[in-house]
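Chain by chain, the residues run as shown.
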Amino acid sequence: MKVLVIGGGAREHALCRALSLDPDVTALHCAPGNAGIAEVAELHAVDALDGAAVADLAASLGAGLVVVGPEAPLVAGVADAVRERGIPAFGPSAEAARLEGSKAFAKDVMAAAGVPTARAYVCTNPAEVDEALDAFGPPYVVKDDGLAAGKGVVVTEDVEAARAHALACGRVVIEEFLDGPEVSLFAITDGETVVPLQPAQDFKRAHDGDEGPNTGGMGAYSPLPWADPALVDEVVATVCQPTVDELRRRGTPFSGLLYAGLAITSRGVRVIEFNARFGDPETQVVLARLKTPLAAVLLAAATGRLEAEPPLRWSDGAAVTVVLASHNYPGTPRTGDPITGLDEVAEKDGPKAYVLHAGTKRDGASGEVVSAGGRVLSVTATGSDLAKARERAYRAVGRIGLEGSHHRSDIAAKAAAEADA
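Below or above, wherever it landed, is the structure these notes cover. (Residues numbered from 1 in each chain as written. Predicted model: local features only at pLDDT ≥ 70, side-chain atom pairs only at ≥ 80, totals over all residues. Heavy atoms only, no water.)

This part takes up the packing of helix α13 (residues 386-398) against helix α14 (residues 413-420). Helix-helix packing: each pair is described by the crossing angle between the helix axes and the interaxial distance. Taken N-terminus to C-terminus, the directions of α13 and α14 make an angle of 140°; their axes are 8 Å apart at the nearest point. The handedness of the crossing between α13 and α14 comes out as left-handed. From α13, Leu386, Ala387 and Arg390 reach across to α14, where they touch Ala413, Ala415, Ala416 and Asp420. (Axes fitted to C-alpha atoms, helices over the stretch in contact; angles between N-to-C directions. Helix = DSSP H or I, 4+ residues; strand = E, 2+ residues; numbered from the N terminus. Left-handed = near helix turned anticlockwise from the far one by under 90°. Contact = heavy atoms within 4.5 Å.)

Here you go:
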């Protein structure tokens with residue numbers, strides 16, 4: 001099978017890496033890709049938001065499967081355009097991707113499906129914003145209704161900061177704060193059958209101790225030794241399957257990757273948000289533990305045959321990802337800085353530790369790999385347990401040079417310590 005992956009971040013590098021290890025994949029392509037993906041896939045220049053251009057590329061390559069990675073192309077209908085050409089696409093339709101594209105739409109679907117989530121108000125003017133903030137009190141949770149690249153949510157004790165974010169967004173969802181640890185659970189679905197992956201936890205704040213501004217994610221780990229063994233089955237039964245069933249009932253079946261961001265509260269599991277694609281950086285650790293070849297599973301979801309697939313197989317070990325970010329991220333990042341140490345990681349730490357590229361490119365003049373975005377690299381490692389995976393990940397991070405970069409030093413630290421206790 002020839003596979004085309006759309007996107008150019010660390011999530012897409014993780015997908016391409018997994019697909020490159022699949023013996024059923026005879027040719028792997030990515031558009032637009034990045035400097036790291038170029039090592040495992042042939043890159044193509046294409047506007048990822050242009051459905052017709054993506055479909056043309058897929059047809060010209062003879063692709064048997066197109067995997068759409070990021071949310072923006074899904075909301076723009078790229079998967080629809082590919083399917084209209086008769087090519088299987090892993091990713092929901094534009095209509096179903098509204099589950100991520102509009103927080104208000106997601107709340108409506110959850111209400112109809114009986115999915116547990118935070119109480120919320122949808123606000124479109126200052127009076128509604130003030131009423132909602134007053135109703136819930138601090139800490140205030142304000143979410144941009146539309147796509148915001150993982151940075152559209154503000155959680156703050158400061159009512160003026162909450163109000164300013166709400167008014168800057170236009171249409172917002174203001175909701176009650178959910179206590180308890182957060183969990184990310186991915187589920188692959190063909191619109192009927194739901195197959196859960198292993199849960200992961202990510203770290204949204206920029207700095208150690210969950211301090212600093214929200215980011216797209218600074219690291220992740222899997223499995224979760226502290227989680228109830230029945231959690232995955234519970235989430236499939238109360239969250240994922242009802243949501244998939246409700247979207248099918250509405251005539252907009254959801255096939256692809258349903259991502260449930262969850263809070264394990266004192267009152268039980270509650271949905272924080274849905275995404276319509278693999279999450280970043282959780283994908284990096286989840287796929288690091290998946291033993292089942294990936295292509296056949298994604299193709300089965302894209303063609304409505306997921307029920308016939310055998311159960312997924314997983315490694316017993318753990319995986320940890322640490323994100324290396326550019327100077328000033330999540331503000332406007334500095335780019336163009338050379339990255340050193342990548343060959344050293346591959347030579348000394350592989351294959352137990354490896355680097356997945358996000359915001360990188362190869363400089364045309366020097367040939368060096370340089371930074372080209374906010375989150376630059378995801379350093380991923382596996383081990384027999386979280387402590388071993390952490391040790392390997394941070395050893396690899398220490399070999400990498402990127403001027404002005406920063407990373408968190410506490411990814412999976414608490415979970416590893418509790419697991420050892």
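From this point on, the discussion continues.
Here five strands make up an open sheet; going across it, the order is β12-β15-β18-β22-β19 and the pairing antiparallel. In this open sheet, the two edge strands, each paired with only one partner strand, are β12 (201-202) and β19 (353-357). Relative to strand β18 (residues 318-325), strand β15 (residues 219-222) runs antiparallel, the two being bridged by four bridges. Counterpart to Tyr221 in the pairing with β18 is Val320. Its contacts with the sheet place helix α1 (residues 10-20) against β19 and β22 (375-383), and it is angled at close to 125° to β19. (Pairing = 2+ DSSP bridges.)

Glancing now at helix α10 (residues 282-289). α10 sits mainly inside the fold: eight of its eight residues count as buried. Within the sequence span of α10, burial applies to Glu282, Thr283, Gln284, Val285, Val286, Leu287, Ala288 and Arg289. (Buried < 20%, exposed > 50% of the residue type's maximum accessible area, 1.4 Å probe, protein only.)

Taken residue by residue, a regular strand's side chains alternate between the two faces of the sheet. Of all eight residues in strand β17 (residues 268-275), six are buried, a share of seventy percent or more. Direction of pairing for strand β16 (residues 256-265) relative to β17: antiparallel, over a ladder of seven bridges. In the sheet register, Tyr259 faces β17, and the bridge partner there is Asn275. Between β16 and β17, which follow one another and run antiparallel, lie two residues.

Within the secondary structure layout, Gly359 lies in the loop between β19 and β20 (360-362). The contact partners of Gly359, leaving out residues within four places of it in the chain, are Val370, Ser371, Ala372, Gly373, Arg375 and Val376.

Let us now look at the packing of helix α6 (residues 103-113) against helix α9 (residues 231-249). Closest axis-to-axis distance for the α6/α9 pair is 9 Å, and the angle between their directions is 100°. Here α6 lies roughly perpendicular to α9, going by the angle between them. Contacts from Phe105, Val109, Ala112 and Ala113 of α6 reach α9 at Pro242, Thr243, Glu246 and Leu247. Residue classes in the contact of α6 with α9 are distributed as six nonpolar, one polar and one charged. (Parallel < 35°, antiparallel > 145°, perpendicular 65-115°, else oblique. Nonpolar A, V, L, I, M, F, W, Y, C, P; charged D, E, K, R; others polar.)

In this section: the packing of aromatic side chains. Under the counting rule described, the total for this entry stands at five aromatic pairs. Measuring from ring centre to ring centre gives 6.1 Å for Phe203 and Tyr221, while their planes differ by 45°; the resulting arrangement is tilted. In this pair, Phe203 sits in the loop between β12 and β13 (205-207) while Tyr221 sits in strand β15, placing the two residues 18 residues apart along the sequence. With respect to class, Phe203 is no different from Tyr221; both count as buried. Aromatic ring contacts, followed pair by pair, group Phe90, Phe186, Tyr259 and Phe278 into a single cluster. The cationic tip of Arg17 hangs over the ring face of Tyr354; the distance from NZ or CZ to the ring centre is 3.6 Å. Positioned over the ring face of Phe105 is Arg98, at 4.1 Å from the centre of the ring. (Phe/Tyr/Trp six-rings, centres within 6.5 Å; stacked < 30°, edge-to-face > 60°. Lys NZ or Arg CZ within 6 Å of the ring centre and 35° of its normal.)

Here we come to the nonpolar core. Leu4, Val66, Leu99, Val320 and Ile400 are the most contacted members of the largest nonpolar core, which has 78 residues in total. Looking at this core element by element, the count peaks at eight residues for α9. In this structure Leu99 touches Phe105, Ala106, Val109, Thr243, Leu247, Phe254, Leu258 and Phe274, once residues within four positions along its chain are discounted. Judged by nonpolar contacts, the second largest core, of 45 residues, contains Val3, Leu19, Tyr259 and Ala301. (Core = buried A, V, L, I, M, F, W, Y, C linked by side-chain atoms within 4.5 Å.)

Turning next to α1. With nine of eleven residues buried, α1 is to be regarded as a mostly interior element. All of the buried residues in α1 are Ala10, Arg11, Glu12, His13, Ala14, Leu15, Cys16, Ala18 and Leu19.

It is worth spelling out empty space enclosed by the protein at this point. A full pass over the atoms with the stated rule returns one cavity of 30 Å³ or more. The calculated volume of the largest cavity comes to roughly 60 Å³. For the largest cavity, the full set of lining residues is Lys103, Ala106, Lys107, Met110, Lys143, Glu175, Ile272, Glu273 and Phe274. Elements with a minimum of two residues in the lining of the largest cavity: α6 and β17. (1 Å grid on protein atoms, 1.4 Å probe; cavity = no way out; pocket = protein on both sides within 12 Å on 5 of 7 lines; lining within 4 Å. Points joined across faces, edges and corners; volume = space filled by probe spheres on them.)

Let us look at the environment of Ala53. Residue position: Ala53 is located in helix α2 (residues 51-61). Separated by 28 residues in sequence, Ala53 and Ala81 place their C-alpha atoms 9.1 Å apart.

All right, on to the environment of Thr26 then. Along the polypeptide, Thr26 turns up in the loop between α1 and β2 (27-32). Residues Thr26 and Val3, spaced 23 residues apart in sequence, show a C-alpha to C-alpha distance of 8.1 Å. The contact partners of Thr26, leaving out residues within four places of it in the chain, are Met1 and Lys2.

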